[in-house]
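Summary of structural features
Next come the chains, spelled out residue by residue.
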Amino acid sequence: EEFAGKVKLIYIDPPYNRGGNADTFSYNNSFKHSSWLTFMKNRLDTAKKLLTSDGVIVVAIDGAEQCYLGVLLDELFPNSEIHCITIIHNPGGNQGTNFSYTHEYAFFILPKGGKSIGLQNREDNPDIRPLRDVSTGDHLRTDAKNCFYPILVRDNEVIGFGDVCPDEFHPEFPNIMRNDGVLEVYPIDAQGNERKWVFARQTVDSIKDELKVEFNKKRKIFDIIRHKTRFNFKTVWTDKKYDANQYGAKLLKKLVPNNRFSFPKSLYTVKDCVNAVVGNDKNAIVLDYHAGSGTTAHAVLEINQEDGGNRKFILCEQLDYIEPVTCKRVQKVMELQGGGSFVYFELKKYNQTFIEQIEAAKDTETLL
């Protein structure tokens, strides 16, 4: 009741149900398929009531239950978009009889009809190419008249954009200096062909901050180059930062030595899942009711530190490692960041209702 309709993102990493050789030490990881699905359904039915109208659920899973979970999600969320993302989390491979498995999955359950997923920030690996269309297809001025206009430059900076050129106007050179000191740059190639910019005049303002002015020494002209750093997330994530050993187990061991988690998620896998949904919402609430070692909280704290956000996390867990591992990890991250606090309490009195327990806890909360 306290958080109904307020949670922007629910991220969960439930038991994968791998059977007797599972590497999770406490979860029951050997349900029958039907029992596991009931276990998941009951919790998802309740959890979805907490979502905001534009809220998103992300469920991590591997091949043992991926196809069964997909059918369950189709049933529970008939009016939602459901996307199954593949994540290369174990590049070395987990040796099987016939194949070496390197990947797992994340289901994204989104509201239909809108833009729920933000753009991936790739400032460390931008796509750099001319704004002039250099393709071999429909690349000429005559293929898209709205894409032939001057880009205005002063002091090697893009300051604006001119109007679409009338059909009868044909610039003699890619660069034309005006009397007011503004340089007009046109998409004309080395052979003198009138090409087009890859953005139409009515949309190019949206990428103005990505445009750079560069001097082409070979042609002895100024050209416009786009440095694209924001991209749609792809459906296969392959970056080395998703390695669960390097950025999951080893990272956790540094924060909480001698913990019992053998294969926690990479911090950056969870961070990208969270950032994809709430990167543009600095006040979002994120819930993880399979909290495990606390990777979700760690991810939220990292994102907040990077952009000054005030996102909040709620972690739920029923196993006894929450104090020696989960809480310790969150405390350590906050210490490394220079401060912060969270509330921790246990629900022990089962003869009271949940609300009564919360009311009783208000005066006895342990602030860590």
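Residues numbered from 1 in each chain as written. Predicted model: local features only at pLDDT ≥ 70, side-chain atom pairs only at ≥ 80, totals over all residues. Heavy atoms only, no water.

**Thoughts on the packing of helix 1 (residues 33-47) against helix 2 (residues 66-76)**
As a packed pair, helix 1 and helix 2 sit with axes 11 Å apart at the nearest point and diverge in direction by 35°. Of the two elements, helix 1 crosses helix 2, and the hand of that crossing is right-handed. Residues His 33, Trp 36, Leu 37, Met 40, Lys 41, Leu 44 and Asp 45 of helix 1 lie in contact with helix 2, whose contacting residues are Tyr 68, Leu 69, Leu 72, Leu 73, Glu 75 and Leu 76. In the contact of helix 1 with helix 2, the residues fall into 9 nonpolar, 1 polar and 3 charged. (Axes fitted to C-alpha atoms, helices over the stretch in contact; angles between N-to-C directions. Helix = DSSP H or I, 4+ residues; strand = E, 2+ residues; numbered from the N terminus. Left-handed = near helix turned anticlockwise from the far one by under 90°. Contact = heavy atoms within 4.5 Å. Nonpolar A, V, L, I, M, F, W, Y, C, P; charged D, E, K, R; others polar.)

**Focus on the sheet that holds strand 14 (residues 221-228)**
As summarised here, the arrangement of the 3 strands in space is 8-14-13, forming an open sheet in which the pairing is antiparallel. On the outer flanks of this sheet lie strand 8 (127-130) and strand 13 (211-216), each paired with one strand and no other. The mean angle between the axes of side-by-side strands here comes to 35°, regardless of whether they run parallel or antiparallel. Of the pairings in the sheet, the one linking strand 8 to strand 14 comprises 4 bridges and is antiparallel in character. Note that in strand 14 the partner of Ile 128 across the bridge is His 227. (Pairing = 2+ DSSP bridges.)

**Observations regarding the environment of Glu 2**
Relative to the assigned elements, Glu 2 resides in the segment before strand 1 (7-12). Judged by relative accessible area, Glu 2 falls into the exposed class, the value being 52%. Considered as a pair, Glu 2 and Leu 50 are 48 residues apart in the sequence and their alpha carbons are 9.0 Å apart. (Buried < 20%, exposed > 50% of the residue type's maximum accessible area, 1.4 Å probe, protein only.)

**Observations concerning helix 4 (residues 267-278)**
Spanning 12 residues, helix 4 covers 16 Å between terminal C-alpha atoms, matching the ideal 16 Å at 1.5 Å per step. Among the 12 residues of helix 4, 10 are classified as buried, and the element is accordingly described as predominantly covered. (Expected span 1.5 Å × (residues − 1).)

**Section: the packing of aromatic side chains**
Tallied over the entire structure, the rule returns 10 aromatic pairs. Seen in terms of ring centroids, Tyr 247 and Tyr 268 are 5.4 Å apart; in terms of plane orientation they differ by 80°. Their pairing is edge-to-face. Here Tyr 247, found in helix 3 (residues 245-255), pairs with Tyr 268, found in helix 4; they are 21 residues apart in sequence, far enough to count as distant. Taking the relative accessible area as the measure of exposure, Tyr 268 reaches 25% and is therefore partly exposed. Ring pairs connect the aromatic residues Phe 108, Phe 233, Trp 237 and Tyr 242, which therefore count as one cluster. (Phe/Tyr/Trp six-rings, centres within 6.5 Å; stacked < 30°, edge-to-face > 60°.)

**Concerning the state of the cysteines**
A complete count under the given rule lists 0 disulfides for this structure. Not part of a disulfide, Cys 147 finds its nearest cysteine sulfur in Cys 165, a span of 12 Å. (Disulfide = S-S within 2.5 Å.)

**Some details on the sheet that holds strand 18 (residues 312-315)**
Picture the strands of a sheet paired through backbone hydrogen bonds; they go either parallel or antiparallel. Spatial strand order, 16-3-6-2-1-17-18: 7 strands in an open sheet with mixed pairing. Of all the strands in the sheet, just strand 16 (236-237) and strand 18 have a single pairing partner and so form its edges. One ladder, built from 5 bridges, connects strand 2 (residues 51-61) with strand 6 (residues 103-111); its direction is antiparallel. Bridge pairing in strand 6 places Val 59 opposite Phe 107. With respect to the sheet, helix 5 (residues 295-307) is in contact with strand 1, strand 17 (285-288) and strand 18, its orientation differing from that of strand 18 by roughly 175°.

**Let's talk about the pairing of strand 6**
Most of strand 6 sits out of view: 7 of its 9 residues are buried. When strand 3 (residues 80-88) meets strand 6, the two strands line up antiparallel, connected through 9 bridges. In the sheet register, Ile 85 faces strand 6, and the bridge partner there is Ala 106.

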